[in-house]
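Breakdown of the fold
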Amino acid sequence: MTDYNFAYLDEQTKRMIRRAILKGLAIPGYQVPFASREMPMPYGWGTGGVQVSAAVLTPEDTFKVIDQGADDTTNAVSIRSFFERTAQVATTTATAEATVIQTRHRIPEAALTEGQILVYQVPIPEPLRFLEPRESETRKMHELEEYGLMHVKLYEDIARHGHIATSYAYPVKVEARYVMDPSPIPKFDNPKLGHMAAIQLFGAGREQRIYALPPYTQVVSLDFEDHPFEASKADHPCGMCGANDSYLDEVIIDDAGGRMFVCSDTDHCEARQAQGHRGKDAA
Amino acid sequence: MTPLLSVQGVTKRYGAHIGCADVSFDLYPGEVMGIVGESGSGKSTLLNCLAGHQPPDGGQVVFDTRADGPRDTVRMSEPERRMLGRTDWAFVHQHARDGLRMGVSAGGNVGERLMAVGARYYGDIRHKATDWLARVEIDESRIDDRPTTFSGGMQQRLQIARNLVTGPRLVFMDEPTGGLDVSVQARLLDLLRGLVRDMGLSAIIVTHDLAVVRLLADRLMVMKSGHVVESGLTDQVLDDPQHAYSQLLVSSVLQV
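All of these numbers come straight from a predicted model, not from anything done at the bench.

Here we look at the packing of helix 6 (residues 152-164) of chain B against helix 7 (residues 182-199) of chain B
All names here are of chain B. Across the interface, helix 6 lies against helix 7 with an axial gap of 10 Å and an inter-helix angle of 15°. Taken together, helix 6 and helix 7 sit at an angle that is classed as roughly parallel. Once helix 6 is placed against helix 7, the crossing between them reads as right-handed. Judged by residue contacts, G153, Q156, R157, I160 and L164 of helix 6 engage V184, R187, L188, L191, L192, L195 and M199 from helix 7.

And the structure:
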């Protein structure tokens, strides 16, 4: 299939997106507006992430897509085959072999290295959106660093639930300047955002925003002094590979209350099983 | 003594139409100034210009800041002005809905200004919020309820608590009792009078209700068509009005 330009988008569009990416990298956490294109998929399925991936892919890249940590879900499979067709890049499911990883809602368990790029799909880039509906006002708040309102949300959590109940899309402060929505990753992944060796790019297609974290950026999760941030996960080992330190999905296995916990990162789980690790539910 | 707020020649035009013209006065610490006039006389325009919500077309609004002494807030940078807006200044809106976050609990509403100036200790914020709810006579058990479940008078009292929690020195009030029934108005006025006296607040109150200024204000300005037509001590202006419009205003009050 050679009817498409490399990686679907035309060169001028990719240039425009790369400019936005560079600006985002220069101002970590700042939301750069860009002229998002109509993509051959519905909004909410990763149009922002796909455009960012298309702009950074080169023919030599190895591409990996994960959706909630899994390589084999609909979203991941279709985006992977999209770039197989339009860019003829090599694809992989192994985190360590990939040079560009597009992700929805997770950061891979394996530590990423310099030279890798992690592209996030972002539904709502504005962390203050549900507290202050006026975009003109939230921009002003970012401009003037008025972030008291973000703590009002955390205050409400504690007042209602006794602890900070926000468990995903947990707001972070980047380099002591911009408050950023890390996309809906579980807060378990928040500590990995900071001081990461890989480049992290965030694309929101419908909202037309790109933001970025260059390697080794300081990222702090917001909290109260007497209610500090805690990265949480289900308190179980993985049923398939026995891992104690990975983020788990709860899977209902029958209609009698039976359930199992299994790594959400399928590549991590399979690699561990290949090394001979076994959990209690492994066949 | 330096005035807390010194206003000189503040003018605001809406195209050819005059919002308010050439208003000047000094407000000293602990003083309460009333601004009365009919609808469309430029009271709210003036208040918005003073509080930095609207840029005036001309004139100076010099505020005696804690750190740097008297500064012209019109020419101040926006971050500084907004900082004043959540520390030394407070603004009580006529409609509590404009001044409250309706989707956030009462405690969160009171705590917002504290968190905006850097409070990061949940226990302290909670404690201060509880304390302030008690001071405006809202039951402590309502702290986690949203303002949507409050009555109009309670919402107005919550708005006042939310504004006064950071210990401002100057409060702007735009018709604080508008839209409330008379018995609730009386309670609110009582509360306001107590708070203003206890905290030594200075205040500028815009209203068309002469009873409000009689109770709260030390001095009074009467506005008509954007101009100040008469000013002086409250009792003096109300008991012995000189300008024809002030006379009309005073005589228009219904006697029960």
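Next, the rest of the story.
Considering the sheet that holds strand 3 (residues 90-91) of chain A
Residues and elements named next belong to chain A. Across the sheet, seven strands lie side by side as 1-9-8-5-4-2-3; this open sheet has mixed pairing. The sheet is open, and its two edges are formed by strand 1 (32-33) and strand 3, each paired on a single side. Here five bridges tie strand 8 (residues 199-204) to strand 9 (residues 209-213), and the two strands are oriented antiparallel to one another. Within the sheet, the bridge partner assigned to A204 lies in strand 9 and is R209. Packed on one face of the sheet, helix 1 (residues 11-26) meets strand 1, strand 8 and strand 9 and runs near 45° to strand 9.

Considerations on helix 5 (residues 122-135) of chain B
Here helix 5 of chain B contains 14 residues, and its C-alpha end-to-end distance of 20 Å stays within 8% of the 20 Å for a straight helix at 1.5 Å per residue. Among all positions in helix 5 of chain B, only Y122, I125, R126, A129, T130, W132 and L133 of chain B are buried. Residues of helix 5 of chain B that are buried in the fold lie against helix 5 (148-161) of chain A together with helix 4 (106-116), helix 6 and helix 7 of chain B. Note on helix 5 of chain B: the residue one or two positions beyond its end, E137 of chain B, has a positive phi of about 60°.

Some words on the pairing of strand 5 (residues 69-72) of chain B
Residues and elements named next belong to chain B. Bridge count between strand 4 (residues 58-65) and strand 5: four bridges; the pairing is antiparallel. In the sheet register, V62 faces strand 5, and the bridge partner there is D72. Count of turn residues in the strand 4/strand 5 antiparallel hairpin: three residues.

Thoughts on the environment of P133 of chain A
All names here are of chain A. Among the structural elements, P133 can be located in the loop between strand 5 (117-121) and helix 4 (135-143). Of the residues examined, P133 reaches a relative accessible area of 66% and is grouped as exposed. Counting along the chain gives 41 residues from P133 to V174, while the straight-line C-alpha distance between them is 22 Å.

Quick word on the sheet that holds strand 10 (residues 219-221) of chain A
Residue and element names in this part refer to chain A. The sheet built from three strands is open, its strands ordered 7-6-10 with antiparallel pairing. Strands with a single pairing partner mark the edges of an open sheet, and in this sheet they are strand 7 (178-180) and strand 10. Each strand of the sheet is rotated relative to its neighbour by a mean of 30°, with strand direction disregarded. Where strand 6 (residues 172-174) meets strand 10, three bridges bridge the pair, whose relative direction is antiparallel. Within strand 10, the position partnered with V174 by the bridge is V219.

Considering the packing of aromatic side chains
Any pair of aromatic rings gets described here by the distance separating the centres and the angle formed by the planes. Under the counting rule described, the total for this entry stands at 14 aromatic pairs over all chains. When the ring of Y30 of chain A is compared with that of Y178 of chain A, the centres are 5.6 Å apart and the planes differ by 55°; the resulting orientation is tilted. Highlighted residues: Y30 of chain A in the loop between helix 1 and strand 1 and Y178 of chain A in strand 7, separated in sequence by 148 residues. With 5.5 Å between their ring centres and 35° between their planes, F188 of chain A and Y247 of chain A make a pair best called tilted. Highlighted residues: F188 of chain A in the loop between strand 7 and helix 6 (190-193) and Y247 of chain A in the loop between strand 10 and strand 11 (248-252), separated in sequence by 59 residues. With a relative accessible area of 14%, F188 of chain A lands in the buried category. The rings of Y4, Y8, F63, F82 and F83 of chain A are connected pair by pair, giving a single aromatic cluster. Stacked on the ring of W132 of chain B, the Lys or Arg R135 of chain B has its end atom at 4.2 Å from the ring centre.

Cut-off values and rules
Residues numbered from 1 in each chain as written. Chains lettered and ligands numbered in written order. Predicted model: local features only at pLDDT ≥ 70, side-chain atom pairs only at ≥ 80, totals over all residues. Heavy atoms only, no water. Axes fitted to C-alpha atoms, helices over the stretch in contact; angles between N-to-C directions. Helix = DSSP H or I, 4+ residues; strand = E, 2+ residues; numbered from the N terminus. Parallel < 35°, antiparallel > 145°, perpendicular 65-115°, else oblique. Left-handed = near helix turned anticlockwise from the far one by under 90°. Contact = heavy atoms within 4.5 Å. Pairing = 2+ DSSP bridges. Expected span 1.5 Å × (residues − 1). Buried < 20%, exposed > 50% of the residue type's maximum accessible area, 1.4 Å probe, protein only. Phe/Tyr/Trp six-rings, centres within 6.5 Å; stacked < 30°, edge-to-face > 60°. Lys NZ or Arg CZ within 6 Å of the ring centre and 35° of its normal.

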